Amino acid sequence: METLTNSVLFTDNDLRVYAAVRRLKRTRVLELARDVQLAKSTVQGALSRLEQRGLVSRTSDGGIPIIRARSASNTLRALNAQKRRLAERHETQDKLLVRAIGALQRLQGNAPRRRKFNRRVRQ
């Protein structure tokens, strides 16, 4: 999946792991890895990204690490922030594209024109 920066996009694995955490309520990494059928290291990477975004929290219960989904308001806040970042990024790309098109059009206008040959039409 596309990952342009650490703070812009969710990967497919991030979404799978997050959905499983929401569904399981309270789980361990190994249980989660089995549930989503991904390697434990892949799940741990996804959990780290989700934790950075404030979507999950890791706690300890008797020395056993437990993963929980944070509240829906945190999820909504994180998704809205992602939406804003994506909109800003696309706006910047649109502006760059418009500039590039304008520059190419100006260059085309300044380039020597091809001669048009007048063909005599036979009658």
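Relevant structure appears above.
Residues numbered from 1 in each chain as written. Predicted model: local features only at pLDDT ≥ 70, side-chain atom pairs only at ≥ 80, totals over all residues. Heavy atoms only, no water.

**Some points on the nonpolar core**
Next, step 1: Counting 18 residues, the largest nonpolar core has Val 17, Val 21, Leu 32, Val 43, Leu 47, Leu 50 and Val 56 as the members making the most contacts within it.
Next, step 2: Not counting residues up to four positions away in its chain, the partners in contact with Val 21 are Leu 32, Leu 47, Val 56, Ile 67, Arg 68 and Ala 69. (Core = buried A, V, L, I, M, F, W, Y, C linked by side-chain atoms within 4.5 Å. Buried < 20%, exposed > 50% of the residue type's maximum accessible area, 1.4 Å probe, protein only. Contact = heavy atoms within 4.5 Å.)

**Considerations on the pattern of salt bridges**
Next, step 1: Tallied over the entire structure, the rule returns 6 salt bridges.
Next, step 2: We note a salt bridge from Asp 14 to Arg 53, for which the minimum N-O separation is 3.7 Å. In this pair, Asp 14 sits in helix 1 (residues 12-24) while Arg 53 sits in the loop between helix 3 (40-52) and strand 2 (56-61), placing the two residues 39 residues apart along the sequence. Here Asp 14 and Arg 53 have matching classes, each one buried.
Next, step 3: When the shortest N-O distance is used, the salt bridge between Arg 23 and Asp 35 registers 2.2 Å. Taken together, the residues span a long stretch of sequence, with Arg 23 in helix 1 and Asp 35 in helix 2 (residues 29-36) at a distance of 12 residues.
Next, step 4: Put simply, Asp 14, Arg 49 and Arg 53 are held in one network by salt bridges that share partners. (Salt bridge = Lys/Arg side-chain N within 4 Å of Asp/Glu carboxyl O. Helix = DSSP H or I, 4+ residues; strand = E, 2+ residues; numbered from the N terminus.)

**Thoughts on the pairing of strand 3 (residues 64-69)**
Next, step 1: Sheet analysis places strand 1 (residues 26-27) next to strand 3, joined by 2 bridges and oriented antiparallel. Its bridge partner being in strand 3, Thr 27 is matched across the sheet by Ile 67.
Next, step 2: As defined by bridge partners, strand 2 adjoins strand 3 across 6 bridges and the pair is classed as antiparallel. When the bridges of strand 3 are listed, Thr 59 appears paired with Ile 66.
Next, step 3: Hairpin connection of strand 2 to strand 3: 2 residues between the antiparallel strands, including Gly 62 at a positive phi of 65°. (Pairing = 2+ DSSP bridges.)

**Quick look at the environment of Leu 47**
Next, step 1: The topology assignment puts Leu 47 in helix 3.
Next, step 2: According to the relative accessible area criterion, Leu 47 is buried, its value standing at 0%.
Next, step 3: In sequence terms Leu 47 and Val 17 are 30 residues apart; their C-alpha atoms lie 7.4 Å from each other.

**Brief notes about the side chain of Asp 14**
Next, step 1: Residue classification places Asp 14 among the buried positions, given a relative accessible area of 0%.
Next, step 2: Those residues in contact with Asp 14 that sit more than four places away from it in its chain are Ala 46, Arg 49, Leu 50 and Arg 53.

**Re the packing of helix 1 against helix 2**
Next, step 1: In contact at an axis separation of 10 Å, helix 1 and helix 2 are set at 115° when each is read in the N-to-C sense. Relative to helix 2, the element helix 1 is oriented roughly perpendicular. Once helix 1 is placed against helix 2, the crossing between them reads as right-handed. Touching Arg 16, Val 17, Ala 20, Val 21, Arg 23 and Leu 24 of helix 1 are Leu 32, Asp 35 and Val 36, all from helix 2. (Axes fitted to C-alpha atoms, helices over the stretch in contact; angles between N-to-C directions. Parallel < 35°, antiparallel > 145°, perpendicular 65-115°, else oblique. Left-handed = near helix turned anticlockwise from the far one by under 90°.)

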